[in-house]
Amino acid sequence: MANGLVVLISGRGSNLQAILESPLGEQVVAVISDHPDAAGLAIARTHNKPVAVCCANTPTEVEEQLLQTLAQYQPALIALAGFMRILSPRFLAACCAPLVNIHPSLLPAFRGLNTHRRVLAAGEREHGCSIHWVTAELDGGAVIACEKLTVSNDDDEESLANRVLAIEHRLYPRILVQLLNNKKEQ
């Protein structure tokens with residue numbers, strides 16, 4: 001029987017912290033990282049959440065470890081929160097639950113890395129973040145929700161990143177709760 005949310009991280013864990021400090025935090029059953037020194041692991045431990053690290057010599061081995069670890073928890077949903085690994089189609093087909101990601105752009109624009117720098121270089125006036133289903137296409141899954149902001153004339157990469165991150169911290173927990181509630185009703 002599927003239960004709760006597993007969060008995958010790679011680094012500092014700011015979205016993880018937002019999730020754990022929201023009402024959704026009670027539904028997090030584990031936090032998994034692909035980096036043993038990810039700061040987010042300490043955040044998970046502070047909130048008394050089980051943690052696991054899946055790191056190996058090859059991407060295929062990491063994915064095998066992830067699949068085995070995820071199978072132990074049988075989550076209803078898996079949230080990528082700063083998880084900086086591209087998952088293979090084989091992994092996605094074998095995964096025990098749907099995966100959701102948050103991306104710092106208004107998808108389908110600016111897929112991949114360095115979104116804030118690219119938005120500024122393109123002279124865009126709108127920016128934001130998108131929550132989407134994870135598919136084999138990088139940042140290509142159907143968008144579940146997004147929130148926009150206006151790019152200010154005085155924004156630089158850091159200020160824009162911070163403004164988008166504040167939106168992420170509000171939006172991601174709220175949407176994940178809705179998705180989990182929908183899974184329970186099915």
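All of the points below concern the structure found in this document.

About the cut-offs
Residues numbered from 1 in each chain as written. Predicted model: local features only at pLDDT ≥ 70, side-chain atom pairs only at ≥ 80, totals over all residues. Heavy atoms only, no water. Helix = DSSP H or I, 4+ residues; strand = E, 2+ residues; numbered from the N terminus. Rg over C-alpha atoms; globule rule 2.2 N^0.38 Å. Buried < 20%, exposed > 50% of the residue type's maximum accessible area, 1.4 Å probe, protein only. Contact = heavy atoms within 4.5 Å. Areas by Shrake-Rupley, 256 points an atom, 1.4 Å probe, with all protein chains shown as cover. Lys, Arg positive; Asp, Glu negative; His and termini not counted. Charge placed at Lys NZ, Arg CZ, Asp CG, Glu CD. Pairing = 2+ DSSP bridges. Axes fitted to C-alpha atoms, helices over the stretch in contact; angles between N-to-C directions. Arc of directions from axis to C-beta. Salt bridge = Lys/Arg side-chain N within 4 Å of Asp/Glu carboxyl O. Polar contact = N/O pair within 3.5 Å; in protein donor to acceptor, adjacent residues only side chain to side chain.

**Observations regarding the overall build of the protein**
Right, so step 1: For the protein, the count of helices and strands is six helices and seven strands.
Right, so step 2: For the protein, the succession of helices and strands along the chain, N to C, is β-α-β-α-β-α-β-α-β-α-β-β-α.
Right, so step 3: In summary, the protein has a C-alpha radius of gyration of 16 Å against a globular reference of 16 Å for 186 residues, a match within 12%.
Right, so step 4: Among the 186 residues that make up the protein, the fraction classed as buried is 47%.
Right, so step 5: Residue pairs in contact within the protein that sit at least 24 positions apart in sequence constitute 60% of those at least 6 positions apart.
Right, so step 6: Of the roughly 9,100 Å² of accessible surface on the protein, a fraction of 51% belongs to carbon and sulfur atoms.
Right, so step 7: Each charge class in the protein can be summarised by its mean position, and for the 15 positive and 19 negative side chains these summaries are 3 Å apart.

**Brief notes about the sheet that holds strand β5 (residues 99-103)**
Right, so step 1: The sheet built from seven strands is open, its strands ordered β3-β2-β1-β4-β5-β6-β7 with mixed pairing. The two strands at the open ends of the sheet, each matched to only one other strand, are β3 (51-53) and β7 (143-150). Strand-to-strand twist in this sheet, taken as the mean axis angle between neighbours without regard to direction, amounts to 20°.
Right, so step 2: Taken together, the three bridges between strand β4 (residues 77-80) and β5 define a ladder with parallel strand orientation. Counted as the bridge partner of Ala79 is Val100 from β5.
Right, so step 3: Relative to β3, helix α2 (residues 39-46) is tilted by about 155°, and along the sheet it contacts β1 (5-9), β2 (28-33) and β3.

**A closer look at α2**
Right, so step 1: Among the residues of α2, Gly40, Leu41, Ile43 and Ala44 are the ones counted as buried. Looking straight down α2, one finds its buried side chains confined to an arc of 155°; they lie on one side.
Right, so step 2: Taken together, the buried residues of α2 touch β1, α1 (14-20), β2 and β3.
Right, so step 3: Just downstream of α2 lies Asn48, where phi reads positive at about 60°.

**Some details on the pattern of salt bridges**
Right, so step 1: All chains considered together, the criterion is met by eight salt bridges.
Right, so step 2: Here Glu137 makes a salt bridge to Arg111, at a shortest N to O gap of 2.5 Å. Placement of the pair is Glu137 in the loop between β6 (126-133) and β7 and Arg111 in the loop between β5 and α5 (115-121), with a sequence separation of 26 residues.
Right, so step 3: What makes Glu137 partly exposed here is its relative accessible area of 45%.

**Quick look at the side chain of Ser105**
Right, so step 1: Along the chain, Ser105 turns up in the loop between β5 and α5.
Right, so step 2: At a separation of 3.2 Å, a polar atom in the side chain of Ser105 contacts the main-chain carbonyl oxygen of Phe110.
Right, so step 3: Excluding residues that lie within four positions of it along the chain, Ser105 makes contacts with Phe110, Thr115, His127, Gly128, Cys129 and Ser130.

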